[in-house]
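Below are the chains, spelled out letter by letter.
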Amino acid sequence: MAESVPTFTTDTATATAPVLEVRDLSVSYGTPRGPLHAVDRVSFDLHAGESLGVVGESGCGKSSLGRGLMQLLPVGAAVGGSVRLRGEELIGTSNSRLRRARGEDIALVFQEPMTRLDPLMRVSDHFVGAIRAHRPKVSKDEAREMAREALAQMGIPRTRADNFPHEFSGGMRQRIMIALGIVLRPAVIVADEPTTALDVIVEAQILDLLDRLRSDEEVGLMLITHNLGIVAETCDRVAVMYAGRIVEIGPVAEVFADPKHPYTQGLLASVISVDTTELVSIDGSPPDLVDPPPACRYRPRCPIKAEGSDRIDPALTSVGADHQAACLLYEGAEIGHGKVQA
Amino acid sequence: MTDDAVLEVRDLHTHFGVHQGLFSRGDGAEVRAVDGVSFDVRRGEIFGLVGESGSGKTTLGRTILGLAPATSGSIRWKGEELVGLGEKQFRPLRRHLAMISQDPNAALNPAMTVVQGVGHPLRIHGMASSRAEVRQRVAQMLERCGLTPAERFLDAYPEDLSGGQKQRLVIARALITEPEFVVADEPVAALDMSVRAKVLELMLDLKNEMGLTYLYITHDLASGKFLCDRIGILYLGQMVEWGESDGIYDDAQHPYTRSLLDAIPLPDPSRRDRVKRLPRGEIPDALQPPAGCRFHPRCPEAFAACGFEGRDLVEAFEERWTSVDEATFERELDMVGKLGDVEVTRQEVRFPSGQPHELAVWLREHGEQLPTRVTTAIDDVREDADAVVVRFRDAPEPAIQDVDGRQVACHLHGVTVRPDGDHVGDPDAVTAAREPTPTPSWRATGEP
């Protein structure tokens, strides 16, 4: 299948190959009413040292996309398509290779840090376990030293490495989770709403840390969030998801200044910021993904309803440099979702 | 008191004991969730209470509604004292004082249909004489709250509704008794961005139609700015700044307020490089609040008078060690001695160091390398054979003062002493106050 995949080379894409290449990734769950396609043929690249924001309402498939990349899905879920990490295909690879990739190559940071830390284990022992699972030759003392170093990098005093998880605040626990994620120097971090449970000041501190990791360690960062402010503050590019698909993707400055897809326009207008003078919202709610609307999935909520959107399911089409949108307002979208122009 | 104040809160305290139950500390420790708060709410206004988790904002709202017992102080509703009322005496007031809570799933009884749940307060307060009347009044309220056609919702269960619809249901239930005063505790925090605006819009419409007064509790300064006439900023159970919203957003005078404003992510990539003064760390354990100004351990502006105390020096070393190399860390740890053996009181720290002279010299000569200005508050460093004893200056907890027409509790506007505050040493001595008060950074840089 790899041969038939078109290349999505972009203007800003550097000479180096992307660290992560995702093509036609699909994730579906079995339900009593039939399969639910949470992610439906999504393609994008992530480069080293780049941060890509993934935004959308609840139920648009952002979290399934993050988990699908690592095939960390519940029993009964199916993944299709291609995920290449530094050129190596991860979909369909062995379980042992996948386990190694999780942590060594791609780290995942989730919303609820307390549910991922064992309350009966010292923080340093979490590191010793994780490091030695991947690098059996590292001694316990060396692993502890690696732990202290990673914790210090995240602003946790070295003197507290042997404390238990409950002795830390919520923000500190999230720092610990990030330290655990980066201790093996992965090339990619997927952070799924990493700050949603935190207060605004701690959120800013954590985003600052992630941003420093991205620039100092050249990590590719995929930041999944519902908060467009966070994307504007920290990301280079943004992918807007709706009903299991990317409906717009492009440089943050461009997408925020001149959003092309009506959904992106609606999302941006509904943000309540300190500059808000008028309350705006999007009517309706995202569709049922067991039985999505035919043709354009946003049409039922769309204030524009472009010509043909009741017949054609639009493809992503170029609307600017390195900027694409899936809307029939733009030429090229009419070839249909999942297809790419020659 | 102003003539149009409907609610007057004076020196309100709500403390919780932590001496019961499985996780008892057994030492009579208490959390001062609300610790000496005073403010008024005027008729027809939206007063915002803003703070992080652990600031006491939810407890303050619950205390006002009689849902958490006040420890001391006064809450007057149209002149009537609420503190000390028993549940029986409070009940008739509840139809006038309502609550919109954050989590609709917790607020709605899943076993009651919409008409039962929303109509429940009418029956409790004897405001409807028949089932038919309850049904009719509930239907009217649902329509007003945008749940139309009401007939479709009346016999549904909460689980049949979407998140936004459930929150409308919570609002309908709160307003069915036609209250005058509504505490809205994070009414949109659990909702998707795309529907938040709709629910806030509904709250504004209903306020105008029904002549409501709101106490809007939130951690979100952005929605507070849009909604509120006046704002109070809470930190660890105390109000640190309050006044007209416009003034607070345009020219905050407490460093904590400024930090909260700086931390809000702006949906504007062109402004991402603006200067942000973020405080260090997080809200500390409410069981052991810092002495002096409670914000001083995190404050980017803190100076000698702000209440630096023993543990701040230990924490400053720990924070420093996150940014030095391993060799420096080992060397300095040897000099300071095992942190577990350090004896800390509010005004003194005793380091049982093997190298007391080196430590004393380091503190005098290199103290400014520590990440906070803790060493500027050191009064005396005494070394003996096997230890160094560091003593801190007297420093008072700041009182509320008027700054440009608003209330601010911060020593940057002149050192003040809060009555009954948690001071370091003798508040009347105020040796630290002999130091000149620094100019706040936002003034020094010529910003507004």
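See the structure above.
K.L.:
Account for the overall build of chain A, with residues named and values stated.
P.N.:
The secondary structure content of chain A amounts to nine helices and 12 strands. Relative to a compact globule of 342 residues, whose C-alpha radius of gyration would be 20 Å, chain A shows 21 Å and is just as compact. In terms of its C-alpha atoms, chain A occupies a principal-axis envelope of roughly 65 × 50 × 45 Å. Taking all 342 residues of chain A together, 50% fall into the buried category. The long-range share in chain A, meaning contacts at least 24 apart out of those at least 6 apart in sequence, stands at 63%.

K.L.:
Which residues make up the overall build of chain B, and what values do they have?
P.N.:
Secondary structure assignment for chain B yields 15 helices and 16 strands. Its C-alpha atoms give chain B principal-axis dimensions of about 85 × 55 × 45 Å. Taking all 448 residues of chain B together, 47% fall into the buried category. In chain B, 65% of the contacts between residues at least 6 apart in sequence involve partners at least 24 apart.

K.L.:
Kindly report on helix H11 (residues 255-263) of chain B, identifying the contributing residues and their values.
P.N.:
The periodicity of an α-helix, 3.6 residues per turn, causes residues three or four places apart in sequence to face the same way. Most of H11(B) is tucked away, with eight of its nine residues classed as buried. Taken together, the buried positions of H11(B) are B:Pro255, B:Tyr256, B:Thr257, B:Arg258, B:Ser259, B:Leu260, B:Leu261 and B:Ala263.

K.L.:
Give me the sheet that holds strand S11 (residues 343-344) of chain B: which residues, what numbers.
P.N.:
Residues and elements named next belong to chain B. The four strands are arranged S11-S12-S14-S13 in an open sheet whose pairing can be described as antiparallel. Across the chains shown, the open sheet's two edge strands, defined by having one partner strand only, are S11 and strand S13 (378-384). Looking at chain direction, S11 and strand S12 (residues 348-351) are connected through two bridges and run antiparallel. Pairing of Glu 343 across the sheet is with Arg 350, part of S12. Across the face of the sheet, helix H14 (residues 356-366) comes into contact with S12, S13 and strand S14 (387-392) while running at roughly 160° to S13.

K.L.:
Break down the environment of B:Thr177 for me, citing the residues and quoting the values.
P.N.:
Residues and elements named next belong to chain B. With respect to the helices and strands, the residue Thr 177 is situated in the loop between helix H7 (163-175) and strand S7 (181-185). In the structure, Thr 177 is positioned 147 residues away from Val 324 in sequence and 62 Å away in space, judged by C-alpha atoms. Discounting residues that sit within four places of it in the chain, Thr 177 has contacts with Arg 95, Ala 98, Pro 121, Leu 122, His 125 and Met 127.

K.L.:
Talk me through the environment of B:Arg95; I want residue IDs and the actual numbers.
P.N.:
Residue and element names in this part refer to chain B. Structurally, the position occupied by Arg 95 is in the loop between helix H2 (87-94) and strand S6 (97-100). Residue class for Arg 95 comes out partly exposed when judged on the 18 C-beta atoms lying within 10 Å of it. Spatially, the C-alpha atoms of Arg 95 and Ala 429 are 51 Å apart, while their sequence positions differ by 334 residues. Beyond its immediate chain neighbours, meaning those up to four positions away, Arg 95 contacts Pro 121, His 125, Thr 177 and Pro 179.

K.L.:
If you had to explain the interface of chain A and chain B to someone new, which residues and values would you point to?
P.N.:
When the parts of a complex come together, some accessible area is lost, and that lost area is often used as the size of the interface. Between chain A and chain B, the residue contacts involve 39 residues of the former and 40 residues of the latter. Among the secondary structure elements, those contributing two or more residues to the side of chain A that touches chain B are helix H6 (200-217), helix H7 (228-234), helix H8 (252-257) and helix H9 (262-270) of chain A.

K.L.:
I'd like to hear about helix H3 (residues 123-134) of chain A, residue by residue, with values.
P.N.:
For H3(A), with 12 residues, the first-to-last C-alpha span of 18 Å sits near the 16 Å given by 1.5 Å per residue. Packed against the buried residues of H3(A) are helix H4 (140-153) and helix H5 (170-182) of chain A.

K.L.:
Quick one: what's the story with the packing of H7(B) against helix H8 (residues 193-210) of chain B, residue by residue and with numbers?
P.N.:
All names here are of chain B. Relative orientation of the contacting elements H7 and H8 amounts to 20°, with a least axis distance of 10 Å. The orientation of H7 relative to H8 falls into the category roughly parallel. Pair H7 / H8 crosses with right-handed handedness. For the pair H7 and H8, the contacting residues are Gly 164, Gln 167, Arg 168, Ile 171 and Leu 175 in the first and Val 195, Lys 198, Val 199, Leu 202, Met 203, Leu 206 and Met 210 in the second.

K.L.:
Go over the sheet that holds strand S3 (residues 46-50) of chain B, please, and point to the residues and values.
P.N.:
Residues and elements named next belong to chain B. Here we have eight strands laid out as an open sheet, ordered S6-S7-S8-S3-S9-S10-S16-S15, and mixed in their pairing. A strand with exactly one partner marks an edge of an open sheet, and here the two such strands are S6 and strand S15 (401-403). Averaged over all adjacent pairs, the angle separating strand axes in this sheet is 20°, with direction ignored. Where strand S9 (residues 230-235) meets strand S10 (residues 238-244), six bridges bridge the pair, whose relative direction is antiparallel. Paired with Gly 232 across the strands is Trp 242, a residue of S10. Set on the sheet, helix H1 (residues 57-64) makes contact with S3, S7, strand S8 (213-218) and S9; between it and S8 the angle comes to about 150°.

K.L.:
Please provide a residue-by-residue account of unusual backbone geometry, values included.
P.N.:
Geometrically, the link from B:Thr148 to B:Pro149 is a cis peptide bond, its omega value of -10° lying close to zero. Residue placement: B:Pro149 occurs in the loop between helix H5 (131-144) and helix H6 (150-154). One non-glycine residue, A:Arg185, lies in the positive phi region at around 55°. As for its placement among the helices and strands, A:Arg185 is situated in the loop between H5 and strand S7 (188-192). Take A:Arg185: there are 11 C-beta atoms within 10 Å of it, and that puts it in the exposed class.

K.L.:
An account of the pairing of strand S1 (residues 5-17) of chain B is requested, with residue identities and associated values reported.
P.N.:
Two elements, S1(B) and strand S2 (residues 30-42) of chain B, share 10 bridges in a ladder whose sense is antiparallel. Paired with B:Gly17 across the bridge in S2(B) is B:Glu30.

K.L.:
Talk me through the pairing of strand S10 (residues 245-251) of chain A; I want residue IDs and the actual numbers.
P.N.:
All names here are of chain A. Burial within S10 is extensive, with seven of its seven residues counted as buried. Strand direction decides the pairing type here: strand S9 (residues 237-242) and S10, joined by six bridges, are antiparallel. Looking at the pairing, Val 238 lines up with Gly 250 of S10. Count of turn residues in the S9/S10 antiparallel hairpin: two residues, of which Ala 243 carries a positive phi of about 50°. Relative to strand S12 (residues 323-325), S10 is paired through two bridges, and the arrangement is antiparallel. Its bridge partner being in S12, Ile 249 is matched across the sheet by Gln 324.

K.L.:
Can you explain the nonpolar core? Please cite residues and give values.
P.N.:
Counting 218 residues, the largest nonpolar core has A:Ala179, A:Val240 and B:Ala172 as its most contacted members. Other than its neighbours up to four places away in sequence, A:Ala179 contacts A:Ala150, A:Leu151, A:Gln153, A:Met154 and A:Ile156.

About the criteria used
Residues numbered from 1 in each chain as written. Chains lettered and ligands numbered in written order. Predicted model: local features only at pLDDT ≥ 70, side-chain atom pairs only at ≥ 80, totals over all residues. Helix = DSSP H or I, 4+ residues; strand = E, 2+ residues; numbered from the N terminus. Rg over C-alpha atoms; globule rule 2.2 N^0.38 Å. Buried ≥ 20, exposed ≤ 12 C-beta atoms within 10 Å, placed from the backbone. Contact = placed C-beta atoms within 7 Å. Pairing = 2+ DSSP bridges. Axes fitted to C-alpha atoms, helices over the stretch in contact; angles between N-to-C directions. Expected span 1.5 Å × (residues − 1). Parallel < 35°, antiparallel > 145°, perpendicular 65-115°, else oblique. Left-handed = near helix turned anticlockwise from the far one by under 90°. Core = buried A, V, L, I, M, F, W, Y, C linked by C-beta atoms within 7 Å.

Structural measurements only, silent on function.
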